[in-house]
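# Coordinate analysis (summary)
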Amino acid sequence: MGNSYAGQLRTTRFEEVLHNSIEASLRSNTVVPRPVFSQLYLETEQPLAHDGGLHGCKGEGRTDNDDEDDEDGSESNSPPIPYQMKPPPEGCCTTDGFCQAGRDLRLSSLASDPLDVPPGFMLIGVKSPSLLENLLVCAVDRRFLPDERGHNALLGFSGNCMGCGEKGFRYFTEFSNHINLKLSTQPKKQKHLKYHLYRNNQGVLVKGAPICWRGHDGRMRQMGPSLSEGHVTSDEQPPNMALTHPSHTPGSYTAGSHVDPSGLPQTVDVPHPLTNGNHAVPSVTQPPLNQSGPGRPSATGPHANAGPPKKRHKGWSPESSANSLSETTVKTPPSSSALSTSSVPSVITNGARSETAAPLNSSQGSLTPLSPPGLSVTIPDQLLHICRLQPVIFKGHGPLPQLTGNVSEVLVSSLLQSCYLSSQTLPRVYQHYGPSPIQPLSTEMQILLTVYYLVQLGPDQVPLIEDLEQIFMRSWRESHLSEIRQYQQPQTPASQGRHYGIETPSTLPGLPQHLSLPPQSQQPLTPSQLPWLAQLAASSCGEGVVVLGEQIGSLAQGIQQTFSRLMEGRLGNTNYVVIIVTAPGQETQSCVVVTGKRQCRALAESMFSPKEGLKEINHQLSTGVAQELIHYCNSLGQDGDLDSLLNSATVDSNESSPLSSSQESSERETVKTTQSPKDSQTQCSKESTSPKERASSPKDTCSEYSVQWREVRPIQLAVARKLLSHVCAIADSSTQNLDLGSFDRVSFLILVPPSEVTFQQTVLHLWSSGVLQELGGLDQECVSQREAERYVVKMDQSAQARIDSLIQEAHSSSYTLYILVHDHAHWDINSATCSSSDSGLGLVDQLLNSRQVRDAPNILILHVTSFPFALQTQCTRISPYNEIHWPSAFSNDVDLYHERTRYFGVSELLESTRSGSSLPLMRYDSSFESMACALEERFPKLHSAVIRTTVLIQHYCVALMAASGRISGSHNLHKHTSVETLEIVQSLLTAARQCPAHHGHMVLLRIPSLALAAWAHRRLSRVRRQLGLEESFEIILGNPNQALNIGQSFTDQIKTWLKIQDADWVPRTYLELEALPCILILSGSEPLGESLPRSLKYCDLRVISCSYLQRTTLEQELGLAAYLVRAESRPPHNPGPGSDLLESDAEKLSSTDNEEEEGQENGDSPLSSSQLLQSCPDSGALDPFPAHSTTSPNVQKGTMDTIQSPSHSQTQYQPQPPSQSFPYSQPTLHHQTQPHVQSYSQAQPTSQLQPQPHIQSPNQPLSQINSQPQSQPLPTAQSRRQHSKSTSSGSLSPRASSPHLSCSWARGVSRPPSVLLPHALYDIITASDRSGLPRCTSFLPHMSVAWASSFRPLLSKMMTCTEQSLYYRQWTVPRSYHMDSSNRTEGRSDNFHPRRLLLSGPPQVGKTGAYLHFLGILSRMLIRLMEVDIYDEEDINYSAQAEGVQYHPPNASWPNPDIIKAMPFDYTIHDPKYDDISSVYSPGYKPTTEGNPVRQEDVYLRRRTSRIKLSKYAAYNTYHHCEQCHQYLGFNPRYQMYESTLHAFTFTHLLLGEEIQLYFIIPKSKEHYFSFSQPGGQLESMRLPLTSDWSPDCIKSPIFTPTTGRHEHGLFNLYHAMDGASHLHILVVKEYEMAVYKKYWPNHIMLVLPTVFNGAGIGAAHFLIKELSYHNLELERSRRLEGGGPASDVWPFIILADDSCVMWNAVDLDARNGPVEHAVSLKQVLQHMEACPDLAHYGLCGIRKWSSRGLTGNKQREPFSRGHLHDFLLLNVDRSQNVQYDQNRFTCHDVDFTLRLHSAGLLVCRFNSFSVMKKQIAIGGYRTFIIKTKMTDVPTSVGPSQYVCAPDSKHLFLATPAQLLLEKYLQHTSQKLFPLSTKNYAHPVLSVDCYLNLGPEVTVCFVSSRPHSVNISTTGLLFSGLLLCFADSFVTPGFLKKFSFLKGATLCVISADRSSLRQTVGRLELEEEWRFRLSDEFQTANAKEDRPLFFLTGKHI
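The model shown is predicted, which means the values in this text are computed figures rather than measured ones.

Cut-off values and rules
- Residues numbered from 1 in each chain as written.
- Predicted model: local features only at pLDDT ≥ 70, side-chain atom pairs only at ≥ 80, totals over all residues.
- Heavy atoms only, no water.
- Helix = DSSP H or I, 4+ residues; strand = E, 2+ residues; numbered from the N terminus.
- Buried < 20%, exposed > 50% of the residue type's maximum accessible area, 1.4 Å probe, protein only.
- Contact = heavy atoms within 4.5 Å.
- Areas by Shrake-Rupley, 256 points an atom, 1.4 Å probe, with all protein chains shown as cover.
- Axes fitted to C-alpha atoms, helices over the stretch in contact; angles between N-to-C directions.
- Parallel < 35°, antiparallel > 145°, perpendicular 65-115°, else oblique.
- Left-handed = near helix turned anticlockwise from the far one by under 90°.
- Nonpolar A, V, L, I, M, F, W, Y, C, P; charged D, E, K, R; others polar.
- Pairing = 2+ DSSP bridges.
- Salt bridge = Lys/Arg side-chain N within 4 Å of Asp/Glu carboxyl O.
- Arc of directions from axis to C-beta.
- Disulfide = S-S within 2.5 Å.
- Phe/Tyr/Trp six-rings, centres within 6.5 Å; stacked < 30°, edge-to-face > 60°.
- Lys NZ or Arg CZ within 6 Å of the ring centre and 35° of its normal.
- Core = buried A, V, L, I, M, F, W, Y, C linked by side-chain atoms within 4.5 Å.
- pLDDT = per-residue confidence, 0-100.

### With respect to the overall build of the chain
- Each helix and strand counted, the chain has 56 helices and 59 strands in total.
- Per-residue burial for the chain yields a buried fraction of 62% across its 1997 residues.
- Of all intrachain contacts in the chain linking residues separated by at least 6 positions in sequence, the fraction that spans at least 24 positions is 77%.
- Surface exposure of the chain reaches about 74200 Å², of which carbon and sulfur atoms provide 53%.

Listed below in structure tokens is the structure:
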């Protein structure tokens, strides 16, 4: 058919496509949304690039005039198959360029002709082999053409000839014959349909872009000497093409406004003619200018998939697309995804990652096509040495010339090129409808926007590809606003901007206003205008950006010129050189050379992967390259050398104890040099004891210290429950992926990253959580921490064996549910196939994604991470429904979970930078930055991490020397460190001195390189030792591969604080370092989930890398500072009008502040920074002066509080929270009121506590404000205090024993740590994008994923976590080395792993506690699933005078019929479910006086139950599946599931008066229980055993279970209850429920009741079962007779079992402590009863109902009793043949049946040694009949009085069976009907031949009218009423005359109709003794067609 590849059905989940379709329709305002099917069918897969060479470069060496398509179809070198053309028809034209009708088709001829193009068709240029210089014009249906990525072309062809106008060619072969192509090979549309055709400004048809058949826009070719066809000559296409369209198509859109009537380009003299279509070169005309030019790489990121293969491709797989971009050819590690310190590769599509920059030698020849000779560029020698930088060349448009010479000193990056390409790949949605496609940005526009972007970058800023991409998108959207709106449904502006970023302002983000684009300019940007417009733009920034354009002829010349200028030093102030080449008639070419020192360094470092970067650092340290830098840093200029100064300090320290001397000298120096107000700290200096001794002395304990990190918080409980509900949802779904009911215990394994501290921390959490005790039933004492280590495994090589053993265990223990918790799940997501074994990566993929884990039905995987983005791609294995996101604890400041803590994370840190009212918690250190920058320029070859770390450690060393006071002349040292570092060190040193127990805080120093961290540790430790500060604070090296190691004295100190007695205990986690003063140097390329203690005060991230700008990387580092703050304290980012100052003054010295903000901060403040008091910072707590100062500590509290930012000074007159409000002149008052402050801690106005006589005005001199005796200024660092989170010291710690907090730790726990960042990162993190979100959120989420398209919307501020997940799932694809990249090839239908969950929440928020709690509640739930609610009620109606007669010996096994006959029948009903019915009269029974309470209808739902663990003999519902049950439930290998047959069975019954047809559904596996006329023939009978048969594995009696509404919940699985014995079990179901029961119980025999019984009650079911069984008994007897056997020997018993019988028990009389019940199988119960020697004598047998108090009382000691039986009956159908169940009954049918059975003289026996447990099932059952009206649309509640009405009256009829209405009416209104009977046990109502419930207050006396029946003696008994229900012929007037009635007794006669009612009254001569009135006749409230029942009442005369 001409198109040789299939548009296969995308194996995408249908929901995903539906989602995309909905999204597309949202973006469109056309009426017809894009059909889902076309998406499913058309869009082929987009496989990832395959590792390997660059495919598709085969045409590289050819010239353009070759036919480059000859071997288009096959990659092999075999000769093409010869093709025999069909001879043309006689007489037709065969001239080349003409069709067979003789019409001219050549483009040159038709260029100016008006052509009629039908809607949906496009003009296409066809290439004819015989006309090389011309194209033929035809029209082709665009559905059969590919989109811009080479995808989505339908198979086949549909085209029209533009010569003769013939339409409807359906085959390309036929069409090629018609247009005389004269081919020698098979005609293919891919080969010959070559170009789109468009009209230019002059309306002339010209050749446009090549059709993208193979997913790329051109081939690599060598530039020939002549102009190639890929170039556009000026004749063919004027340079300034306007946006035009086929202008004569009816209804098509012509952009007339763009065309100048004269046909000449319009020139405009404005410098920026560029918006709304001005640069809109048509999408298909424009690529020749920038895409198919010579030397174009054939495979660019956006086009990395060419779709399915051509014919004859063998072994094509989506992974090896013919032109996927290789990831290995280029030296671009996966992670070097940055264009710069601040860049992220945004140009990656379909997983093929465009190479970022590569050093030239490796990229040469692979990505840079060979240039023609003479166009190479020689790199000058000594470039790096002379210029002190390594230039970076960004490839732009066109091929880069070959570089020769010193190529290692120049880097080449294709990031920019990839960005250009991806922003020209239009999304399909914009070109799907209508004839006018929207064009991408033109080459010229892209270059100009690039220049604009570079111009507005700051001198130190590094370009971010993400920004440039957004600028392109904005510009493109604005230029096509009107067209795009045609594709959008109207939206509110907010939602539009939010979802799609369509915005109208004409300024671009980040562009200066004067460079913004004018809205109305009409003219497209031409190549000739480009250079001078670019230069004009660049002129605004001086020499920052240089544009080389008009004077150069090639890129080579431009680059050579740039190098020359560099060598001459003329580009010293230039950061970027933009080279633009615009030769007439050629494509515009461009590249950018980066020449700024900072930019080049940042870009060069971003090209390393993190791993390579660390390798480079190690190399520089090990080879000694860094030594010069270290020596340089050691020199302090005139102040001497660091080491010599330290040596002098060491000599001094020999004079006295290190600690005391250092403190004394510290004091002396501080007072002397810094004019500190601290007079002395002599009390402290006298302590020369070690910290251990100090901490353990009783008086030196700190009352404020407590460690609480182990408690489970409410929000963690909520998350654990969410996890549990998701697991239940998986189990409840119809997929049957998880069968929770089959598990009886939980086991788990927690996988953590290979960090020893993380491992120990997880073990500690696990051990202290109590989960192990809960899961294993172990006692707390015997679970050691060592025991807990078995459940946690580090993901290193040892993990393999642990997980293999778990898989083996899971395989063998199918009843255990294994949870694999993958903590810190974003850490290793590398594909196992792409990772080398020694790297340790790829393990997770290898282990968790293995087939054994995936297919094990009892392994559930829970991924836990703070950064889930990498697991949320288009190929993720985790269903979006299985994601659990950490909920927000606060909503509108309402605490939803009543947390005592408040989470302070990344967003709150950012918020603190914007609040403006205090020093932000996140900041940068400008003096450190300037020093590092200077050294970076001095040492260009050193890695910036080496330089920055060296500088930072130098700062720390100097600060330690200055703060220790051990160095003489330390005042000179201040200028060699930064104020930030000095404050950190001083705070660290002084904190422990203030607390009696020496609690301090932690300083975290993050140094990613292990080698640098080790060096820093050695250096700091040496300085500490030489200063004699070893006992003051610890320096810890946090190496992920090693255990935590701290000094013995500090370990002893911690043990004292934590009261640990164990001599061998050592801290293993950072959490156990709570309150230890220390510097923690945390190394490792990324944090691995280590939690930090609450004493963390400073998080120093100044040396983290700025190169890897992915969201995960950035947030992971910031997450180290995440913190749980006490909720009593005010949230830090929103201090109230007078919140305290925290840690630093409101003003900050300009040496460390952000200078540009300095002016506006201090400008209008009377207290400018120069006037600020200066003091030496103490521990950084609320009080600026230490407690050891001579003045009263209470006075100092908040001395600095009035030194505030202006806004605070001015609000001083308003009521303030207490700690800030007391003026300093009233120290005593302050002291007195402080205790009260605690209760007023939040916002109590101080005026209520204390008037404020004088608050100083802000203008008063500070010396007056400060009432301290000394007037020296406070030191510099003191002026950097922030606002406190707490409003008073009392609120910080409820345990505060004194009004003043002396413990720095206690003050610190209620404030998060301060974070210090590199300046570059600070700028990026604090910036916001258009949606208002922090910039870092719009970065690529993780280095192992790629964006699916540049045309994605931005993340929105309003998005929830779920929406964010869906965003990433839509817009990111995994790269080839991501473990999910293989997931797409497995087919979309099974893309998600069903038993995989993802829990995400911010760092340090408590996820570990949540999932551990989840394991506990999951275990409890499984135990709960093994438990069941059993009705547990005592028997009722036992009179106190129970008879003392013992009939049987207590241990009798079976009843004796003679004894049973001698026992009196117990008429009283004892079953507690019947406590609301009429009691049955028996002469010997005396009721209790209070009677039974009246119970409501639904009370049975609330009856008393007990929770009992299921025994191994329980009956189960449909939710239970275990391997043993499979065959029983129908999973039999020999039979197909659901293979069963329907058999009709007919029998006649007199009572029913007609033949009854029942249906049996008999599974094939159960047919042996039945006999048929022949195999597969008519069902004859159900086989019954003989009485004499006995087998230990067989139950003789068939079990019938009537059921309704309980197809899922009924307990029909008797496999375990029967202990495997064979048994015949028949479910009796109503016809309308047949299908659903058959679905759930495919292997059960069903007896389907006739249709007439659909509305009937339980009586009908039992009636039919009994009658059918008797009929079957006779059939079996006759079958046996025919076989020659004895007829009477057939087994006559059946079992009638309730569908809620769950377990059975037997009484063990031999127990020592009296009789005890234990669980037994139903098999044991039935075999015992069936083995009873005289069983045939009994009509009915049964067992007790279980009660937990069932063995108490005399009655129960009798092993057998004679009375009512319920729920579980063994019925003799032979003996009870003449007593039927009442088929009409709904309630009390068993009481009625037992009474009639007994009166017929049959023996009834209850085996009291057995009991049945009944499960509470709230669903379905025969008691759930709803009484509703026939008018179903009127919901009315109907009272019992409305159940009956007068005959023929107009009454609301009810849609309820008449019998049920009658029974309910009698039950609820009997007090009115039988007024004399109410609460009158001595005068019961006489009920003849039936028992009806007349309510609990009326007693019924049952008598039978049958001759020879057994009745109670009624002599002398006066009845208060008579009830005759359907009286038959046995009831005679004479029978009734035997009974006496009270005067006024009530008669009630019930009949089926009015005539039989009258006949009964006449026949029984009732009118003689009873008086009737006409108004006493009633009927049930049924319509006539529903056959109401009638009854008549009368009074006794």
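### Regarding the packing of helix 32 (residues 944-964) against helix 33 (residues 979-994)
- Running from N to C, helix 32 and helix 33 cross one another at 50°; their axes reach a closest spacing of 9 Å. When the interaxial angle is binned, helix 32 and helix 33 end up oblique. For the pair helix 32 and helix 33, the crossing hand works out as right-handed. For the pair formed by helix 32 and helix 33, the contact residues are H955, Y956, A959, L960, A962, A963 and S964 on the first element and T981, L982, I984, V985, Q986 and L989 on the second.
- Across the contact of helix 32 with helix 33, the residue classes tally to 9 nonpolar, 4 polar and no charged.

### Comments concerning the sheet that holds strand 32 (residues 1314-1317)
- The strand order across the open sheet built from 6 strands is 24-32-28-25-27-26, with neighbouring strands paired in parallel fashion. In the strand order of this sheet, the two ends are held by strand 24 (922-924) and strand 26 (1034-1038), each with one partner. The mean angle between the axes of side-by-side strands here comes to 20°, regardless of whether they run parallel or antiparallel.
- Relative to strand 32, strand 24 runs parallel, the two being bridged by 3 bridges. By the bridge assignment, Y924 is partnered in strand 32 with L1317.

### Concerning the pattern of salt bridges
- Following the criterion strictly, the structure yields 57 salt bridges and no others.
- Of the charged contacts, one joins D855 and R854 as a salt bridge, the two residues approaching to 3.6 Å between their closest N and O atoms.
- Among the salt bridges present, the one from R1906 reaches D1928, with a minimum N-O distance of 2.9 Å. Of this pair, R1906 sits in the loop between strand 55 (1899-1903) and strand 56 (1918-1925) while D1928 sits in the loop between strand 56 and helix 55 (1933-1936), and the two are 22 residues apart along the sequence.
- Through salt bridges that share partners, D1471, K1473, D1698, K1745, D1767 and K1814 make up one connected network.

### Side note on the pairing of strand 1 (residues 121-127)
- Extensive coverage of strand 1 is indicated by the burial of 7 of its 7 residues.
- Residue alternation in strand 1 divides its side chains into two sets, F121, L123, G125 and K127 and M122, I124 and V126, and both sets are buried.
- Bridge count for strand 1 against strand 2 (residues 135-141) is 7 bridges, and the pairing is antiparallel. Paired with F121 across the strands is D141, a residue of strand 2.
- Relative to strand 4 (residues 193-199), strand 1 runs antiparallel, the two sharing 3 bridges. By the bridge assignment for strand 4, G125 is matched with Y195.

### Let's talk about helix 45 (residues 1319-1326)
- Looking only at helix 45, the buried set comprises L1321, Y1322, I1324 and I1325. Viewed end-on, helix 45 has its buried residues packed into an arc of 170°, placing them on one side of the element.

### Some points on the sheet that holds strand 35 (residues 1396-1400)
- Judged by pairing direction, the sheet is parallel, and its 6 strands sit side by side in the order 17-16-18-19-35-20 without closing on themselves. Looking along the sheet, the strands with just one partner apiece sit at the ends: strand 17 (792-794) and strand 20 (883-885). Geometrically, the sheet is characterised by an average inter-axis angle of 20° between neighbouring strands, direction not taken into account.
- Bridge count between strand 16 (residues 745-752) and strand 17: 3 bridges; the pairing is parallel. Residue pairing for strand 17: V752 is matched across the bridge by K794.
- Relative to the sheet, helix 47 (residues 1407-1425) contacts strand 16, strand 18 (816-823), strand 19 (859-865) and strand 35, its axis offset from that of strand 18 by approximately 175°.

### Thoughts on unusual backbone geometry
- The backbone phi angle of H898 is positive, close to 55°, even though this residue is not glycine.
- Here H898 lies in the loop between strand 22 (894-895) and strand 23 (901-904).
- The phi dihedral of F1926 is positive, around 50°, even though this residue is not glycine.
- Using a relative accessible area of 34% as the deciding quantity, one classes F1926 as partly exposed.

### Digging into the pairing of strand 40 (residues 1554-1563)
- Bridge analysis of strand 39 (residues 1540-1549) against strand 40 gives 10 bridges, and the strand direction is antiparallel. When the bridges of strand 40 are listed, L1542 appears paired with I1561.
- In textbook terms, the turn of a hairpin is the stretch between consecutive antiparallel strands, and for strand 39 and strand 40 this stretch comprises 4 residues, one of which, G1553, has a positive phi near 75°.
- With 3 bridges connecting them, strand 40 and strand 45 (residues 1645-1648) associate as antiparallel partners. Opposite F1560, over in strand 45, you have L1647 as the bridge partner.

### Thoughts on the state of the cysteines
- Going through the model one piece at a time under the given rule, you end up with 0 disulfides.
- Of all cysteine sulfurs in the structure, the one in C1805 sits closest to C1741, which takes part in no disulfide; the separation is 5.2 Å.
- Since its relative accessible area comes to 0%, C1741 is described here as buried.

### Concerning the packing of aromatic side chains
- By the definition in use, this model includes 30 aromatic pairs.
- Taking the centre distance of 5.6 Å and the plane angle of 75° together, the rings of Y1367 and Y1368 count as edge-to-face.
- Judged by its relative accessible area of 6%, Y1367 is buried.
- Through a chain of ring-to-ring contacts, the aromatic side chains of F1919, F1935, F1939, F1941 and W1970 assemble into a single cluster.
- In this structure, K794 packs its charged tip against the face of F759, placed 5.7 Å from the ring centre.
- Directly above the ring of F928 sits R1102, whose terminal nitrogen or CZ lies 5.4 Å from the centroid.

### Side note on the nonpolar core
- In this structure, I393, I579, L1073 and V1315 are the most contacted members of the largest nonpolar core, which totals 125 residues.
- Here the element with the most residues in this core is helix 10 (residues 443-456); it accounts for 9 residues.
- Ignoring anything within four residues of it in the chain, the contact list for I579 reads L548, I552, L555, G558, I559, T562, Q589, S590, C591 and V593.
- I1645, L1668, V1779 and L1866 belong to the second-largest nonpolar core, a separate cluster that totals 112 residues.

### Some points on helix 53 (residues 1789-1799)
- The buried fraction of helix 53 is high, at 11 of 11 residues.
- If you check which residues of helix 53 are buried, you get H1789, D1790, V1791, D1792, F1793, T1794, L1795, R1796, L1797, H1798 and S1799.
- Buried-residue contacts for helix 53 involve strand 37 (1479-1480), helix 51 (1658-1682), strand 49 (1738-1745), strand 51 (1768-1772), strand 52 (1803-1814) and strand 55.
- One or two steps after helix 53, the chain reaches G1801, where phi turns positive at roughly 90°.

### Quick look at the confidence of the model for the chain
- Scored by pLDDT, the chain has a mean of 76; 71% of the residues are at 70 or more.
- Counted against residues more than four places away or in other chains, residues 216-374, with its pLDDT under 50, gives 515 contacts.
- Segment residues 1491-1501 is flagged for pLDDT under 50; beyond a separation of four residues in sequence, or across chains, it makes 21 contacts in the model.

### Topic: the packing of helix 10 against helix 14 (residues 530-539)
- One way to put it is that helix 10 packs onto helix 14 with a least axis distance of 9 Å and a crossing angle of 10°. Here helix 10 lies roughly parallel to helix 14, going by the angle between them. In terms of crossing hand, the pair formed by helix 10 and helix 14 is right-handed. Residue-level contacts link E444, I447, L448, V451, Y452 and V455 of helix 10 to L530, L533, A534, A537 and A538 of helix 14.

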